[in-house]
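# Structural overview
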Amino acid sequence: MINGPRIYAEVFGIPITATMVNMWIIMAGITLLCMFLTRNLKRVPGKPQVIAEMIVTGINNLTESTMGKQNMGFAPYMLTLFMYLGVANLVGLVGMRPPTADLTMTFALSLLTFFMTQFFALKAKGIGGYLKGYLEPIPLLLPINIIGELANPISLSFRLFGNMLGGLIIMGLIYGGLTSLMHFAIAIPIVAHLYFDLFAGLLQSFIFVMLSMVFISMAME
Amino acid sequence: METDFIQASIDFIMSYDTKVIIACASVLGAGLAMIAGIGPGIGQGFAAGKGAQAIGDNPEQGKGITSTMLLGAAVAETSGILALVVALILIFANPLMNATGGVLIIGGSAIAAGISMLSGLGPSIGQGYAAGKAAETVGTNPKNKPHVTMLMLMGQAVAQTTGILALVIALILLYANPLVSVKGEFLILMATALGAGIAMLGGIGPGIGQGYAAGKAAAAVGVNPKNKKNITVVMLVGQAVAQTTGILALVIALILMYGNPLADVDGSIIILAASALAAGISMVGGIGSGVGQGYAAGKAVEATGIRPDVQSSITRTMFLGQAVAQTTGIYALIVSLILMYSNPFL
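Residues numbered from 1 in each chain as written. Chains lettered and ligands numbered in written order. Predicted model: local features only at pLDDT ≥ 70, side-chain atom pairs only at ≥ 80, totals over all residues. Heavy atoms only, no water.

### A closer look at the overall build of chain A
Counting its secondary structure elements, chain A contains 6 helices and 2 strands. Listing the helices and strands of chain A from first to last along the sequence gives β-β-α-α-α-α-α-α. Taken along the three principal axes of its C-alpha coordinates, chain A extends 65 × 55 × 40 Å. Burial analysis of chain A (221 residues in total) assigns 43% to the buried set. The contacts in chain A between residues at least 6 apart in sequence include a share of 66% that link residues at least 24 apart. Within the structure as shown, chain A displays about 11800 Å² of accessible surface, and the carbon and sulfur contribution to it stands at 75%. Counting 11 positive and 8 negative side-chain charges, chain A places the averaged centre of each group 10 Å from the other. (Helix = DSSP H or I, 4+ residues; strand = E, 2+ residues; numbered from the N terminus. Buried < 20%, exposed > 50% of the residue type's maximum accessible area, 1.4 Å probe, protein only. Contact = heavy atoms within 4.5 Å. Areas by Shrake-Rupley, 256 points an atom, 1.4 Å probe, with all protein chains shown as cover. Lys, Arg positive; Asp, Glu negative; His and termini not counted. Charge placed at Lys NZ, Arg CZ, Asp CG, Glu CD.)

### So, the overall build of chain B
A tally of helices and strands in chain B yields 17 helices and 0 strands. What you see for chain B is a C-alpha radius of gyration of 22 Å, in line with the 20 Å of a compact globule of 346 residues. In terms of overall dimensions, chain B has C-alpha extents of about 70 × 40 × 30 Å along its principal axes. Taken over 346 residues, chain B has a buried fraction of 59%. (Rg over C-alpha atoms; globule rule 2.2 N^0.38 Å.)

### Here we look at the side chain of lysine 50 of chain B
Residue and element names in this part refer to chain B. Within the fold, lysine 50 resides in helix H3 (residues 38–57). Polar contacts involving the side chain of lysine 50 include one to the side chain of glutamate 136, which spans 3.2 Å. Among all residues touching lysine 50, those that are not within four sequence positions of it are Gly132 and Glu136. (Polar contact = N/O pair within 3.5 Å; in protein donor to acceptor, adjacent residues only side chain to side chain.)

### A look at the pairing of strand E2 (residues 14–17) of chain A
Residues and elements named next belong to chain A. By the bridge criterion, 4 bridges tie strand E1 (residues 7–11) to E2 in an arrangement that is antiparallel. Bridging across to E2, alanine 9 finds its partner in isoleucine 16. The antiparallel hairpin formed by E1 and E2 contains 2 residues in its connecting segment, where phenylalanine 12 sits at a positive phi of about 50 degrees. (Pairing = 2+ DSSP bridges.)

### Observations regarding the interface of chain A and chain B
Quite often, the size of an interface is put as the accessible area lost when its parts meet. At the interface, 30 residues of chain A touch 34 residues of chain B. Summing the contributions of chain A and of chain B, the shared interface buries around 2700 Å²; its carbon and sulfur component is 82%. The largest contributions to the chain A side of the interface with chain B come from Phe158, Arg159 and Met218 of chain A, which together make up 17% of the buried area. The tally of links from chain A across to chain B stands at 0 salt bridges. Of all the secondary structure elements, the ones that give two or more residues to the side of chain A that touches chain B are helix H2 (47–67), helix H5 (142–178) and helix H6 (187–219) of chain A. When residues of the side of chain A that touches chain B are assigned to their parent elements, the largest contribution, 14 residues, is made by H5 of chain A. Class assignment for the residues of the side of chain A that touches chain B results in 21 nonpolar, 7 polar and 2 charged. (Buried area = accessible area lost by both parts, 1.4 Å probe. Salt bridge = Lys/Arg side-chain N within 4 Å of Asp/Glu carboxyl O. Nonpolar A, V, L, I, M, F, W, Y, C, P; charged D, E, K, R; others polar.)

### Comments concerning the pattern of salt bridges
All names here are of chain B. Across all of its chains, the model carries 6 salt bridges over all chains by this definition. In this structure, glutamate 302 and lysine 216 form a salt bridge, with 3.5 Å as the shortest nitrogen-oxygen distance. Placement of the pair is glutamate 302 in helix H15 (residues 286–306) and lysine 216 in helix H11 (residues 204–223), with a sequence separation of 86 residues. The salt bridge involving glutamate 302 is made with lysine 299; its shortest N-O contact spans 3.1 Å. Residue glutamate 302 and its partner lysine 299 are both found in helix H15; the two are separated by 3 residues, about one turn of the helix. The network of salt bridges with shared partners includes Lys50, Lys133 and Glu136.

### So, the packing of aromatic side chains
Enumeration according to the criterion identifies 11 aromatic pairs over all chains in this entry. Arranged with centres 5.8 Å apart and planes meeting at 25 degrees, the rings of tyrosine 195 of chain A and phenylalanine 199 of chain A form a pair that is stacked. Here the residue tyrosine 195 of chain A and the residue phenylalanine 199 of chain A both occupy positions in helix H6, the gap between them amounting to 4 residues, near one helical turn. Of the residues examined, phenylalanine 199 of chain A reaches a relative accessible area of 24% and is grouped as partly exposed. Ring geometry for tyrosine 212 of chain B versus tyrosine 295 of chain B: centroids 5.1 Å apart, planes at 25 degrees, classification stacked. On the criterion of sequence distance, the pair formed by tyrosine 212 of chain B in helix H11 and tyrosine 295 of chain B in helix H15 is long-range, its members being 83 residues apart. By relative accessible area, which is 16% here, tyrosine 212 of chain B ends up buried. Using a relative accessible area of 45% as the deciding quantity, one classes tyrosine 295 of chain B as partly exposed. One aromatic cluster is present, formed by Phe46, Tyr129, Tyr212 and Tyr295 of chain B through successive ring pairs. (Phe/Tyr/Trp six-rings, centres within 6.5 Å; stacked < 30°, edge-to-face > 60°.)

### Quick notes on the environment of glycine 259 of chain B
Residue and element names in this part refer to chain B. Structurally, the position occupied by glycine 259 is in helix H13 (residues 244–259). Judged by relative accessible area, glycine 259 falls into the partly exposed class, the value being 40%. In the structure, glycine 259 is positioned 77 residues away from valine 182 in sequence and 9.8 Å away in space, judged by C-alpha atoms. Not counting chain neighbours up to four residues away, the residues in contact with glycine 259 comprise Leu254 and Tyr341.

Below you can see the structure in the form of structure tokens.
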């Protein structure tokens, strides 16, 4: 019921897990979708181009209002992150194991945000300004600032992981328990899927992206 | 003599039949789970009070106010129902009765499942507050009722998260307990199960705080429906931060259950057991951070409703304040990790 991701094979000692395989499938799917949406772009857009433009305008507006006009360069990364997380959190609906229900996946993504935060803070403020940031508002708070900084990727990754794994476990229990309740076998999973996959999945993708934006843009000031 | 007391207690418990001990622990767990009823009671009472007040102020909007209040109050009931379900499982369809493994571990898990469910009282209080604020707002701004209801439900659904995580831990303890197959002293593993359940109590705070933010958001959108997008974004982000200590509690509970370093350490059994228990108890401190961060989120949402043009400054200040309010929650995590990984008493 709550087994870890299945291990399909081992290559040079690295296990190929269901998380990785599903991740590759999703990546291929998103790549194909993007290629389809941006094929032969014209001044007067066709249907796929309208959808692509809507998505891009949406993320541009969100990036501008959250990170400011000078940080628009982050928009493509944030859209990539959001598309990947959105699809990854929703694949539970078609019976695949969401790769985001694996801590290695979510922690890797939160480490990306963490290192981006540190790198762009260094770049924007210089080494002196960066180190001084840890001594504010008073130098006594140095240990707390460091711990607080390290706690960010932990809470970021576990928020997504906990929500997705929680949904996975509860759905597994519902499907396991349904064998004895044939009459409700359809209604209960639909409601549960709506909350755990659709609502929680999309919400957690949005929150992951928003928090990444805020962490990075705040570190740069 | 002191150590004999603990041994004597264990001997006393173990003098009973296995089934009797597990049944005894299960009824205790069922009783503990039902303490979660505190939450819906408070929350729904608040919603009803706000609803009555709103009808007094705007009697002609009675129907809209009542329906919003009842809808919100019904959501606030969720944790109470989930606790009831777990209590009924423990009493009537207990999967632990047929479990194989150390009887102390199984008994401890039954009690811990109940304790974990208790944390549902937080989300219910918060959701009840949101319901009350929404009902009040519908009274003064009846034409914006769809927006108010929408934001209330969305905020309430987020506020439910820590309650759901507590349910997950309770269900793992009941149906797929990893501790029964761990090699180690039964007393330590029993304390580990209890610690995991108690850690989830940290979710009470985020539930209350997130509910407060949801209520403020519903009120803000009722007054300024055109700023709905800004209000929703600030609410969701503020709630996400307010949830952090609840997530850290989940981290500790999962470490305790799936990778407890105390289980295979040589040392005084009683200290190891106490450390496992204390690692969980420590996380209860996160309640404060959750409530406070939720209050900050609520006020930020309120401000965004009035001045969406300065949203980024509002959010920034909210984040800074929330980060400071989180400090004690982080201390709790550090003490918990020290107890598990570099305990000086071992």
